[in-house]
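The lines below spell out each chain.
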Amino acid sequence: MQMVDLFAVQTIDRLSFPTPARAGLFEHELAQNNIAHYQVLGLGEDGRSPQIIGFSGFWLIADEVHISTIATHPQWRGHGLGELLLLYLLFQAYDHPANMATLEVRQSNRVAQALYRKYQFEEVGTRPRYYRDTGEDALLMTMASLNARYHQFLKEQQATLYQRLQSEA
Ligand SMILES: CC(C)(COP(=O)(O)OP(=O)(O)OC[C@H]1O[C@@H](n2cnc3c(N)ncnc32)[C@H](O)[C@@H]1OP(=O)(O)O)[C@@H](O)C(=O)NCCC(=O)NCCS
């Protein structure tokens, strides 16, 4: 993710979360936060600017990756692209190297929870009333073994996902 991507990123962010990121957050993350890592997913042909259709971010804290955000544009959901973003985030986490990944997710967000469970995240606790906008609890989910075996699992998931993406292209 670069500054030039932020108009598209903020549009997707507003369409994706009950309370969007506060003004200036992404600029701060890109320019000032050394532990932050953000990616965008773009669609496009060679030589043309890609259309940004999703993004993800994480903070690397010691040997732990904390997933701060992930979203795909509502028009592009259900096609494996959120999974692609998560997969690459986890490859990056493994390469850093981190040993575990954590995140918070709204208790009502069954779609995101299903995605995380598919990647072997487990629910390890709750943060009561974590989301100030709705007073909703957060589930704390963790993937505690970013090891060689998990890396192999990621590669297998990648092969399956690529087959799906190619068959739907
Ligand atoms: C969560 C999100 C990124 C998923 O992206 P997506 O592109 O729609 O998801 P994918 O098509 O890649 O699906 C990946 C997995 O997510 C889960 N999933 C996706 N859509 C689902 C649905 N409608 N119902 C249940 N599970 C679903 C499944 O586990 C799916 O794997 P499968 O295809 O093998 O069943 C997307 O829904 C989103 O941007 N939501 C709003 C922002 C958000 O809630 N982010 C998470 C914050 S913690």
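Procedures and definitions
Residues numbered from 1 in each chain as written. Predicted model: local features only at pLDDT ≥ 70, side-chain atom pairs only at ≥ 80, totals over all residues. Pairing = 2+ DSSP bridges. Helix = DSSP H or I, 4+ residues; strand = E, 2+ residues; numbered from the N terminus. Axes fitted to C-alpha atoms, helices over the stretch in contact; angles between N-to-C directions. Contact = placed C-beta atoms within 7 Å. Near = placed C-beta within 6 Å. Nonpolar A, V, L, I, M, F, W, Y, C, P; charged D, E, K, R; others polar. Buried ≥ 20, exposed ≤ 12 C-beta atoms within 10 Å, placed from the backbone. Core = buried A, V, L, I, M, F, W, Y, C linked by C-beta atoms within 7 Å. Right-handed = clockwise from strand over helix to strand, strands pointing away.

**Focus: the pairing of strand 6 (residues 136–143)**
Bridge count between strand 4 (residues 100–106) and strand 6: six bridges; the pairing is antiparallel. Bridge assignment links Thr-102 to a residue of strand 6, and that residue is Thr-142. Where strand 5 (residues 122–131) hands over to strand 6, the hairpin turn is made up of four residues, of which Gly-135 adopts a positive phi near 75 degrees.

**A closer look at the sheet that holds strand 1 (residues 36–43)**
Pairing is mixed across the open sheet formed by six strands, whose spatial order is 1-2-3-4-6-5. In this open sheet, the two strands that pair with only one neighbour each are strand 1 and strand 5. On average, each strand axis in the sheet is tilted by 25 degrees relative to the strand beside it, whichever way the strands run. Where helix 1 (residues 6–16) meets the sheet, it contacts strand 1, strand 2 (51–61) and strand 3 (64–72), and its direction lies at approximately 85 degrees from that of strand 2.

**Comments concerning the site of the ligand**
Taken together, 20 residues are adjacent to the ligand, and Arg-77, Gly-82, Glu-83, Ala-114 and Leu-115 come closest. For the shell around the ligand, the secondary-structure elements that each account for two or more residues are strand 3, helix 3 (81–95) and helix 4 (110–118). In terms of residue count, helix 4 provides more of the shell around the ligand than any other element does, six residues in total. Here the residues of the shell around the ligand are counted per class, giving nine nonpolar, seven polar and four charged.

**Topic: the environment of Ile-61**
Inspection of the secondary structure assignment puts Ile-61 in strand 2. Residue classification places Ile-61 among the exposed residues on the basis of 11 C-beta atoms within 10 Å. Linking Ile-61 and Ile-35, residues 26 residues apart in sequence, is a C-alpha distance of 6.8 Å.

**Here we look at the nonpolar core**
The biggest cluster of nonpolar side chains holds 28 residues, and the ones touching the most others in it are Phe-55, Val-65, Ile-67, Leu-89, Ala-93, Ala-101 and Met-141. Secondary-structure elements contributing two or more residues to this core are helix 1, strand 1, strand 2, strand 3, helix 3, strand 4 and strand 6. The residues contacting Met-141, other than those within four sequence positions of it, are Leu-103, Val-105, Tyr-116, Phe-121, Glu-122, Glu-123 and Val-124.

**Brief notes about the pairing of strand 3**
As paired elements, strand 2 and strand 3 share eight bridges and run antiparallel to each other. Within strand 3, the residue paired with Leu-60 across the bridge is Val-65. Where strand 2 folds back onto strand 3 in an antiparallel hairpin, the turn is made up of two residues, including Ala-62, whose phi is positive at roughly 55 degrees. As judged from the three bridges shared by strand 3 and strand 4, these two strands associate in the parallel manner. Residue pairing in the sheet places Glu-64 in a bridge with Met-100 of strand 4. As for the winding sense of the linkage, the β-α-β connection from strand 3 through helix 3 to strand 4 is right-handed.

**Section: the environment of Phe-26**
Looking at the element boundaries, Phe-26 is found in helix 2 (residues 25–32). Classification of Phe-26 as buried rests on a count of 22 C-beta atoms within 10 Å. Along the backbone, Phe-26 and Val-65 are 39 residues apart, and their C-alpha atoms lie at a distance of 18 Å. Other than its neighbours up to four places away in sequence, Phe-26 contacts Leu-6, Val-9, Gln-10 and Ala-21.

**Some details on unusual backbone geometry**
With omega at 5 degrees, the peptide bond leading from His-96 into Pro-97 counts as cis. Checked against the element boundaries, Pro-97 lands in the loop between helix 3 and strand 4. For Gln-120, which is not glycine, the phi torsion reads 70 degrees and is therefore positive. Along the polypeptide, Gln-120 turns up in the loop between helix 4 and strand 5. Its identity is not glycine, yet Arg-129 carries a phi of approximately 50 degrees, on the positive side. A residue is classified by how many C-beta atoms lie within 10 Å of it, and Arg-129, with 11 of them, is exposed.

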